[in-house]
Amino acid sequence: SSQEPKLNFKKSKEVCLSYIQDAMLQKQWKRAAEFLSFYVESLEKDFSKEYVNPSEIIWRVGTEILCHCSNGSMREFNSFIEQMKTFGVKRYLKVCLEHAFHLLCNGQIDDAYQNLSLAESWRYGEQTAIQDKEMKLIQAYRGLLDYYSWSKQKNILLDHGLDEFENLSVEQEMHSYFRKAAVNLKEIIKIPGVWDLFVKCYVDLLEFYGDHNEAHQVLTEYAYNSKFPANPNAHVYLYQFLKRHGESKKSLISVLKILHDLVPSHELMIDFNTMLQKSKKRKRCRLGLEVIFAVLDYAGWKENVKAWSCLARQVKQIAIAEKHVDWIKQEWNSRKDWWPAFHFTHYLAKQNWKESESLSYEKALVAGILLGKDCKYFKYVSHQGCKAQVKRFRILKKFVNKHNPVYLRIS
Amino acid sequence: MEFPDVLFPSYFGCGPPMEEGGPAPAAGWGEQGQVLDAGPGRCQTEAMFVPRRGGTGESWEPTEAAAVPCVPPNASCWIPSLVPQDILYHGFLRRKLRGGRSGAALDFAKQLGHFFVDHPEDAFGSLGRLLHQNFHLGNSKLRRQARDTTIRMTALMEEIDRLEAKHGCPRQFLSPRLRWFSHLCRDWLFEVPLGLLADCLHEELVLQWAGLLFDDSPTGGALAWLPPEEVGAQTGRLVYPGGPAMNHLYFQDVVLEELPHAQGSPVQFELNGLIRQVAAARVDGEDFVGVRSDYHCGVWRVPARMGVAPTPLQVIHTSVPASCLTVSPHLPGELAVCTQSGSVYLWSVESRLQRLRHDPQTMFFRDHSPWRWSDFTAHPRVLSCADRTGLQCLDARAPERCHFDLFKVGEEANCQQGERVVLPMYLGRAHPSQHLVTTQFSMYVLDERLPLVPVLKWAHMMKAPPLFAHLTPGGPGRSHKVLLGSSHTQELLLLQYQGGSRSACQLAGPPQKLHPITSCLQHLPAQLPHRHHLLQQRLGAPAAGLAAAVKEEGLRESLMVFQLSEAGDIFCQRLTHETVQAPAPAPTSGDETTASPGSSPLIEEEEQTFYLSNLEVIINEEEDAGTPASLEDPELPPQPCTSPRPCPAVSTPAAALQYRRWLKGLSKVCRESPRRSRPLTLSQKRLFTRKDLEVPAAPNPLHGRARQRLLQAMGEGGGIPSWDPPHPPPPVLPQLAEPSGGSDPLSARLTAAWCGDWGQWWEERSGFNRAERQRALRERRRRQKQARGRRSLSASFTSSLTYQSELSELSDSGPPLPSPGPLPPRDSPQPRQRSPPPPDSPEEAALLSSQSLRCRGIPKERRKTLRDYLAVWAESPVEPPDPPSSQASQLCIPSSQSQLSSASQPRRKRPRMGF
């Protein structure tokens with residue numbers, strides 16, 4: 001019978017929690033708050049050693065309720081969070097971090113900074129792995145805020161012509177911000193993860209002070225370290241950095257080639273294709289065709305005029321020159337069983353014609369060369385184009401008729 | 001296909017998940033996750049931060065208080081599926097057993113016992129027949145000759161009966177006799193060797209239990225919405241299973257109005273198995289509908305134009321149950337099929353099946369589940385393959401070489417220990433490269449371009465794993481709506497998220513719970529208790545599918561959410577959203593304060609509904625009889641809630657109408673099917689042999705009469721008049737209900753009306769002198785007394801009589817009671833007014849006397865049964881003062897007399913069930 005009150009207590013706690021959940025999921029915040037006040041009582045009598053203790057639940061639920069129904073009163077929110085911080089040692093850093101996030105989202109950047117600094121100085125016994133991670137994040141965000149202060153100072157310095165003396169003090173302050181930001185940002189980006197925000201800021205700092213080598217190294221590490229996730233942004237940052245600093249075409253192409261292997265549907269592939277088409281080397285032109293074909297494999301590019309015009313241009317070039325038709329043939333071989341149904345159906349011809357004339361023009365050109373002049377798509381669009389008396393469609397029809405042998409060669 | 005410039009920061013680890021498992025009750029609340037600078041450029045002075053979670057979403061307000069049925073009820077009486085109580089052990093041992101590793105104690109012995117009792121022929125048939133001669137079950141002593149070959153089993157039977165009585169008693173010991181018997185015949189008595197049978201049964205029980213814990217067969221859901229061709233059109237199609245075995249596929253046109261409703265009758269296909277999943281996708285203006293049952297998958301083509309019938313295209317048969325069927329959103333007539341053997345196929349209607357992978361092992365770590373899933377990705381030739389441990393993408397052109405990991409249950413996605421993939425879904429309509437993955441704890445949004453790292457993660461806190469999901473894509477600048485649904489708990493959750501192309505993915509607004517099907521129970525008109533129970537069972541059936549449709553009317557948008565139950569019923573709810581943001585209506589605080597837990601008004605309300613429920617019961621009965629009654633009384637307060645939630649808004653008149661229609665349909669459906677609970681009847685097959693019932697050469701007049709009465713009783717449809725009163729004799733009420741007493745003229749009139757001499761009552765009322773009236777009355781009562789017991793029908797009349805009178809006592813403002821019109825012929829008092837039968841009881845008793853039974857060669861042990869049996873049919877009980885013979889009076893059990901004498905008293909008010 002000694003078990004019974006405990007069981008009942010546990011049960012009533014669970015029921016209360018389910019009521020809270022129910023109310024919150026129906027956006028009845030006030031009712032949820034009422035239930036929460038009952039639930040808080042359970043904290044006094046809780047001796048269970050469950051993983052999720054009520055203090056975490058109260059923190060989470062309370063935060064959510066205050067976010068939605070305190071009418072934006074930050075004071076109330078802050079005092080609640082301060083109480084929560086004293087509740088549990090295990091969760092202290094997490095609560096601090098979330099509090100800082102909340103302040104940041106409400107535009108109270110200075111308060112957030114103070115909070116983060118305070119959390120950073122917190123020590124309690126040995127840190128667990130999770131706490132270690134949280135501490136690193138706290139430092140990183142503080143570094144980020146330092147970076148913002150730095151860029152503010154920088155703007156003041158650049159925009160306003162200050163006198164010599166003022167200039168010096170601003171500059172000194174700026175440098176101190178730089179040091180604080182750089183130390184913290186550098187730390188976090190060593191750990192595997194997605195740190196786009198921090199990397200960008202750190203590179204910006206380094207670039208401003210002219211440390212291009214370090215910046216290049218950081219970006220290369222971020223993009224190519226196999227411990228990091230395959231983040232397309234890492235490659236984009238590296239590419240943009242190299243482009244900014246006027247690196248050779250070869251190195252740009254090699255960066256984009258790797259990105260192409262990872263994410264064939266990336267938007268930079270259009271730039272990549274243009275770059276490759278312009279090149280005089282046969283190998284690069286070949287790669288360009290590969291890239292643009294791969295881009296158009298993806299559903300997301302299906303109706304993109306730019307991509308279709310890239311492909312149309314290159315196909316046209318090859319058809320006119322009647323050189324390298326085998327390139328098209330090779331690309332087409334792995335696609336001919338599904339591209340017609342994917343891109344060149346009668347239904348799509350009607351749709352494309354209705355929605356965008358230029359898209360249907362580019363697609364019709366490609367269809368005419370790849371599938372011949374009897375292709376449904378080409379027939380429909382060229383017929384409509386001629387009916388509407390648009391000149392380029394008449395030229396298109398002539399062109400396709402003239403280059404029908406290309407189709408015969410690739411099919 | 002843009003990729004966000006900056007992603008939210010996150011750690012990336014490798015290996016098995018580190019975080020300790022277990023569902024955290026509030027894990028989804030109060031966290032912003034991470035923040036990101038949303039400013040257009042960093043040169044701005046003030047950075048603006050946006051959270052990953054906790055932003056504002058669109059407000060979608062439900063318009064109804066509960067889900068409303070949108071198609072007529074499924075034409076079958078749903079048999080409730082297995083519940084844990086059926087197969088779990090419930091006894092004193094349970095606590096002991098619970099300590100074990102398995103956690104659940106399957107009641108293996110009970111099931112085995114059920115088998116022996118339910119199928120004795122299959123269990124012991126041949127030996128039973130063989131030993132039939134050698135077992136004696138009677139009370140008599142064995143004759144000397146027989147003793148050599150026959151054993152008396154009576155004592156053993158008694159022991160078994162005693163055992164039954166002590167069932168569940170902790171101090172239950174097997175008697176030595178039973179122990180001896182079971183020891184002796186354990187090896188040879190059973191038709192199927194006991195060990196083998198037990199093995200099979202145990203295997204089956206374990207399977208059933210696993211299915212109860214988590215049944216993944218309905219994953220994906222068996223409900224699909226085919227939107228109309230034009231955006232503004234009102235009529236779309238619902239595709240769902242139905243019929244008694246859920247093996248009919250229906251294509252039903254549904255009009256989206258205030259409340260969606262079915263239009264015309266559905267196109268119907270009968271299939272060869274229970275439909276587990278219905279998947280649909282639109283390619284080039286045509287819908288392709290894939291249907292999965294355990295061993296068959298089929299595909300239909302449905303032109304988007306309304307009024308064109310769907311055409312079945314192809315069916316495949318699998319030797320192992322299929323676990324997944326998805327339809328390609330890119331190419332017409334392409335589907336992905338997975339089987340439980342670990343195979344993944346690309347199924348093209350035009351070409352053939354292409355096996356992409358066959359691997360009985362799971363991908364990333366070992367998991368026993370044979371469940372596999374596959375879906376399409378942004379590349380029409382790349383398919384995602386999933387098992388419980390994660391997702392991989394593979395190229396159908398070179399499946400061996402070209403593949404990459406999309407999602408892994410592990411530290412990569414920051415999973416918890418024990419987390420498993422429950423449902424993956426391609427979110428192509430929201431963003432071409434996004435995928436949804438749900439686990440029992442969380443939901444993830446993944447981007448193919450950034451594999452392994454979820455771009456969004458949120459702990460959904462659902463009680464059961466979400467087996468169904470639906471995406472309603474939002475236009476540019478709008479949030480995408482994701483619905484998650486679970487099966488057994490019927491939970492429905494609406495989430496919103498945005499981003500993916502230009503900005504990073506964010507959860508928008510708090511999640512919202514939608515009405516489960518069961519929620520409508522309290523809005524249905526009150527039912528009789530047993531019907532209420534049936535309804536509760538039917539509405540509580542696990543969910544089997546989820547779909548949603550969007551309707552736009554100017555600035556107002558509606559989201560219709562359909563939910564299918566395993567019973568085959570479809571319920572719908574509408575959520576509306578004003579595109580121009582209006583201030584959200586604040587929750588009415590007045591309601592909330594009154595409904596806080598422990599508030600006393602609840603009790604008063606209960607009192608009120610006591611009367612009301614009575615009222616409604618009457619109305620229901622009338623409705624059955626064909627008289628329409630108004631149900632929508634606006635004055636009716638809603639049913640008191642059992643949980644301290646605020647009283648929900650009353651359902652709208654349109655919804656109330658739908659509810660009533662649906663209920664009517666349901667009662668019709670359930671009446672048509674054979675009734676399960678038949679009135680108890682005695683089978684005479686087992687009681688008598690053919691010889692016993694043979695008509696003797698000289699026809700006994702008694703026999704003839706008994707037979708005649710038997711036939712008459714059967715013809716009248718009356719039950720067996722109860723010889724033994726079911727309850728103790730009713731207490732004698734001090735006051736006789738004088739019809740002319742004047743205290744309650746209405747009930748008196750009704751009494752008279754029930755008895756059939758309403759005209760006489762009227763005459764009495766209007767003129768006769770009192771003494772004569774009383775004399776006549778006494779005379780009538782005497783007649784009634786004699787007639788009592790002849791027909792059980794009269795008993796039920798009296799009960800309803802008191803019922804009515806009570807009602808009139810209780811509520812003065814009740815509905816007008818039916819005027820005493822001509823009663824149906826069945827209720828005519830003719831049999832009652834017949835002169836009492838001549839007291840020829842001695843002869844009847846003679847029929848039952850033991851001598852006469854013995855003369856007919858009926859064995860002694862059967863005689864009593866026969867007597868009881870015949871006594872039940874005995875026409876008129878003997879008048880108490882002069883018992884015709886000693887034997888007969890022994891037979892006519894004394895208690896019957898007390899019942900008879902009490903018949904002249906006004907009947908005790910019967911307690912009514914549940915009120």
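Basis of the calculations
- Residues numbered from 1 in each chain as written.
- Chains lettered and ligands numbered in written order.
- Predicted model: local features only at pLDDT ≥ 70, side-chain atom pairs only at ≥ 80, totals over all residues.
- Heavy atoms only, no water.
- Salt bridge = Lys/Arg side-chain N within 4 Å of Asp/Glu carboxyl O.
- Helix = DSSP H or I, 4+ residues; strand = E, 2+ residues; numbered from the N terminus.
- Buried < 20%, exposed > 50% of the residue type's maximum accessible area, 1.4 Å probe, protein only.
- Pairing = 2+ DSSP bridges.
- Axes fitted to C-alpha atoms, helices over the stretch in contact; angles between N-to-C directions.
- Core = buried A, V, L, I, M, F, W, Y, C linked by side-chain atoms within 4.5 Å.
- Contact = heavy atoms within 4.5 Å.
- pLDDT = per-residue confidence, 0-100.
- Domains from an automatic or database assignment.
- Buried area = accessible area lost by both parts, 1.4 Å probe.

- An unreviewed UniProt entry annotates chain A as TATA box-binding protein-associated factor RNA polymerase I subunit A of Calypte anna.

**Regarding the pattern of salt bridges**
Next up, step 1: Tallying each qualifying case throughout the model produces 37 salt bridges over all chains.
Next up, step 2: A salt bridge links E331(A) to R286(A), with the nearest nitrogen and oxygen atoms 3.3 Å apart. A residue pair is termed long-range when its members are at least 10 positions apart, and E331(A) in helix α16 (residues 325–333) and R286(A) in helix α14 (residues 282–296) qualify at 45 residues.
Next up, step 3: According to the relative accessible area criterion, R286(A) is buried, its value standing at 19%.
Next up, step 4: Residues joined in a network through salt bridges with shared partners are E56(A), R60(A), R91(A), K94(A) and E31(B).

**Some details on the sheet that holds strand β10 (residues 248–255) of chain B**
All names here are of chain B.
Next up, step 1: Read across the sheet, four strands follow the order β8-β9-β10-β11 without closing on themselves; strand pairing throughout is antiparallel. Edge strands, defined here as strands with exactly one partner in the open sheet, are β8 (224–226) and β11 (261–270). Taken over all neighbouring pairs, the strand axes of this sheet differ in orientation by 25° on average, direction set aside.
Next up, step 2: As defined by bridge partners, strand β9 (residues 235–242) adjoins β10 across eight bridges and the pair is classed as antiparallel. Looking at β10, one finds that P241 is bridged to L249.

**Re the nonpolar core**
Generally speaking, a soluble globular protein has its nonpolar side chains buried in company with each other.
Next up, step 1: Counting 220 residues, the largest nonpolar core has I20(A), W195(A), F198(A), L311(A) and F407(B) as its most contacted members.
Next up, step 2: Apart from residues lying up to four places away in sequence, I20(A) is in contact with A32(A), F35(A), L36(A), Y39(A) and V61(A).
Next up, step 3: Counting residues in each nonpolar core, the second largest holds 30 residues, with F251(B), V302(B), M560(B) and L564(B) among its members.

**Quick word on unusual backbone geometry**
Next up, step 1: The phi dihedral of H324(A) falls on the positive side, at around 60°, and the residue is not glycine.
Next up, step 2: Tracing the sequence through the fold places H324(A) in the loop between α15 (305–321) and α16.
Next up, step 3: A positive phi angle, near 75°, is found at L452(B), a position not held by glycine.
Next up, step 4: Take L452(B): it is sitting in the loop between β26 (442–447) and β27 (456–459).

**Topic: the confidence of the model for chain B**
Residue and element names in this part refer to chain B.
Next up, step 1: Of the residues in chain B, 67% reach a pLDDT of 70 or more, and the chain-wide mean stands at 73.
Next up, step 2: In this model, residues 673–686 is a region of pLDDT below 50 whose contacts with residues beyond four sequence positions or in other chains number five contacts.
Next up, step 3: pLDDT under 50 marks residues 875–915. Its contacts with residues more than four places away, or in other chains, come to 65 contacts.
Next up, step 4: Here the prediction assigns the complex a pTM of 0.74, and the interface score ipTM is 0.93.

**Quick word on the domain arrangement of chain A**
Residue and element names in this part refer to chain A.
Next up, step 1: Annotation of chain A at the domain level lists domain 1 (126–223), domain 2 (230–301) and domain 3 (307–410).
Next up, step 2: Across the boundary between the two partners, domain 1 contributes 13 residues, which contact ten residues of domain 2.
Next up, step 3: Counting each side, the surface lost to burial between domain 1 and domain 2 is near 990 Å², with a carbon and sulfur contribution of 67%.
Next up, step 4: The interface formed by domain 1 and domain 2 holds one salt bridge in total.
Next up, step 5: Salt-bridge contacts for R244 lead to E207; the nearest nitrogen and oxygen are separated by 2.9 Å.

**Things to note about the sheet that holds strand β17 (residues 334–339) of chain B**
Backbone hydrogen bonds hold the strands of a sheet together, and the pairing may be parallel or antiparallel.
All names here are of chain B.
Next up, step 1: Strand order in this open sheet of four strands is β16-β17-β18-β19, and the pairing throughout is antiparallel. Every interior strand has two partners, whereas the edge strands, β16 (322–327) and β19 (353–358), have only one. On average, adjacent strands in this sheet sit at an angle of 20° to one another, irrespective of strand direction.
Next up, step 2: In the sheet, β16 pairs with β17 via five bridges, with the strands oriented antiparallel. Bridge assignment links V327 to a residue of β17, and that residue is L335.

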